[in-house]
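# Inside the fold
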Amino acid sequence: MNQHPTLAFIGAGNMARAIIGGLISNGFPAAKIRASSPTIDRLADLKSQGLFVTTDNAEAMSSADIVVLAVKPQMLKAVLQPLAAAAARNKPLFISVAAGITSQSINKWLGGDQAIVRCMPNTPALVKMGANGLFANASVSEAQRSQAVSVLSATGLTLWVEQEEQLHAVTAVSGSAPAYYFLFMEAMIAAAEKQGLSKEVATQLTLQTARGAAEMALQSDVDPAELRRRVTSPKGTTEQAILSFQANHLDRLVEEAMQACAARSVSMAKELGDD
Ligand SMILES: NC(=O)c1ccc[n+]([C@@H]2O[C@H](COP(=O)([O-])OP(=O)(O)OC[C@H]3O[C@@H](n4cnc5c(N)ncnc54)[C@H](O)[C@@H]3O)[C@@H](O)[C@H]2O)c1
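What counts as what
Residues numbered from 1 in each chain as written. Predicted model: local features only at pLDDT ≥ 70, side-chain atom pairs only at ≥ 80, totals over all residues. Heavy atoms only, no water. Near = heavy atom within 4 Å. Polar contact = N/O pair within 3.5 Å; in protein donor to acceptor, adjacent residues only side chain to side chain. Areas by Shrake-Rupley, 256 points an atom, 1.4 Å probe, with all protein chains shown as cover. Nonpolar A, V, L, I, M, F, W, Y, C, P; charged D, E, K, R; others polar. Buried < 20%, exposed > 50% of the residue type's maximum accessible area, 1.4 Å probe, protein only. Helix = DSSP H or I, 4+ residues; strand = E, 2+ residues; numbered from the N terminus. Pairing = 2+ DSSP bridges. Axes fitted to C-alpha atoms, helices over the stretch in contact; angles between N-to-C directions. Salt bridge = Lys/Arg side-chain N within 4 Å of Asp/Glu carboxyl O. UniProt positions renumbered as here; feature names shortened; annotations may be inferred. Contact = heavy atoms within 4.5 Å. Phe/Tyr/Trp six-rings, centres within 6.5 Å; stacked < 30°, edge-to-face > 60°. Lys NZ or Arg CZ within 6 Å of the ring centre and 35° of its normal.

### Overview of the site of the ligand
Inspection of the region around the ligand gives 21 residues, with N14, M15, S37, V71 and A99 positioned closest. Measuring from an oxygen atom of the ligand, one finds a side-chain N or O atom of S37 at 3.0 Å. Backbone polar atom of V71 to an oxygen atom of the ligand: 2.6 Å apart, as the coordinates give it. For the ligand, whose unbound accessible area comes to 830 Å², protein coverage reaches 80%. Taken together, the residues that form the shell around the ligand break down as 13 nonpolar, seven polar and one charged.

What follows is the structure, given as structure tokens:
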């Protein structure tokens, strides 16, 4: 195999585009990436970046080393069943980013005996700051594990989980979580505007502070709780904000939100899967 495997993305929506964007900006050759989606006009921008694009999923998948399944979980069964013959012939590594749906269901729809890595990525993959939780089924070889890591690590952090069920928690803590931070940013920007800042100034200060806090926590040798304490002077300003968050049970809100997220991942697996 060449240095770069041939990748086929089945589905070219938000998550596929975030991963493709991260790969290309990390130097992965666009000519080694294929993408399929039902309408060709929605693929025009990917074609202009040098990808091979098609409305035929089987054509996208033919001779691909890795097939990334990036359609909605609700579509997966209908998309995979017609690809079973090609899967039996080509035996690529499948990487599914679909929330919830188990490797067992995917394997069944593909006709069985397939190497499947489930990946829960997130959209910061687009700026190479993604976080990927990975699980491999028993048919995935060591070489394919390494291949999955080397492709996905171009989009950010890549960590394996031991149990497939742990991907529900990964979805709650990283897959869905960019949306929590965006929601928090929205609330901070709105509150700062109410305190008299322009939207532009409020936005810039909010985003730079989020970036600074994340970068500082990543580089620090102490945990986030200690970093928080270092901002919080006794009888100072921060203390009042922290006391307000605690009085409103921020920790409980976060726990309940993450439980609801993971529970939806579990119920999607039951509703839409075939285990
Ligand atoms: N968006 C995220 O933040 C995120 C994060 C982690 C995982 N995921 C997972 O990624 C997957 C895709 O989510 P998304 O947000 O990119 O959705 P999306 O709706 O943006 O993209 C889905 C794509 O699939 C295409 N599609 C529909 N039917 C198809 C078919 N028959 N054949 C080929 N392509 C078809 C659509 O045209 C669309 O481009 C989902 O399974 C989701 O659970 C998404």
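Next comes the rest of the description.
### Observations regarding the pairing of strand β6 (residues 115–120)
Among the six residues of β6, six are classified as buried, and the element is accordingly described as predominantly covered. One ladder, built from four bridges, connects β6 with strand β7 (residues 130–136); its direction is antiparallel. Opposite R118, over in β7, you have F135 as the bridge partner.

### Considering the sheet that holds β7
Pairing within the open sheet is mixed, and its eight strands lie in the order β3-β2-β1-β4-β5-β6-β7-β8. With partners counted over all chains shown, the strands left at the sheet margins are β3 (52–54) and β8 (156–160), one partner each. Neighbouring strand axes in the sheet, compared pairwise and without regard to direction, differ in orientation by 20° on average. Relative to β3, strand β2 (residues 33–36) runs parallel, the two being bridged by three bridges. Of the residues in β3, the one forming a bridge with S36 is T54.

### Details of the pattern of salt bridges
Scanning the model with the defined rule gives seven salt bridges in all. The partner of R230 in a salt bridge is E226, with the nearest N and O atoms 2.9 Å apart. Residue R230 and its partner E226 are located together in helix α11 (residues 224–231), separated by four residues, close to a single helical turn. We classify E226 as partly exposed; its relative accessible area is 25%.

### Description of the UniProt feature "binding site: NADP(+)" (unreviewed entry) in the protein
The UniProt record annotates "binding site: NADP(+)" (unreviewed entry) at I10, G11, A12, G13, N14, M15, S37, A70, V71, K72 and P73. Checked against the element boundaries, G11 lands in the loop between β1 (7–10) and α1 (14–25). Here P73 is to be found in the loop between β4 (66–69) and α4 (76–80). Aside from chain neighbours lying at most four places away, what touches P73 is A98, A99, I101, M268 and L272.

### Observations concerning the UniProt feature "domain: Pyrroline-5-carboxylate reductase catalytic N-terminal" (unreviewed entry) in the protein
When the UniProt feature table is mapped to this numbering, "domain: Pyrroline-5-carboxylate reductase catalytic N-terminal" (unreviewed entry) covers residues 7–100. As a span, residues 7–100 carries 36% helix and 20% strand, and end to end its C-alpha atoms are 23 Å apart.

### Let's talk about the packing of aromatic side chains
Tallying each qualifying case throughout the model produces one aromatic pair. Between F184 and F245, the ring centres sit 6.0 Å apart and the planes meet at 35°, which makes this aromatic pair tilted. Highlighted residues: F184 in helix α9 (residues 177–194) and F245 in helix α12 (residues 237–247), separated in sequence by 61 residues. Exposure remark for F184: the relative accessible area of 41% places this residue in the partly exposed category. Positioned over the ring face of F52 is R34, at 5.4 Å from the centre of the ring. Note that R145 overlies the ring of W160, its terminal NZ or CZ placed 4.4 Å from the centroid.

### Notes on the environment of A8
One can find A8 in strand β1. In the structure, A8 is positioned 52 residues away from A60 in sequence and 5.7 Å away in space, judged by C-alpha atoms. Ignoring anything within four residues of it in the chain, the contact list for A8 reads R34, A60, M61, A64, I66, V67 and V68.

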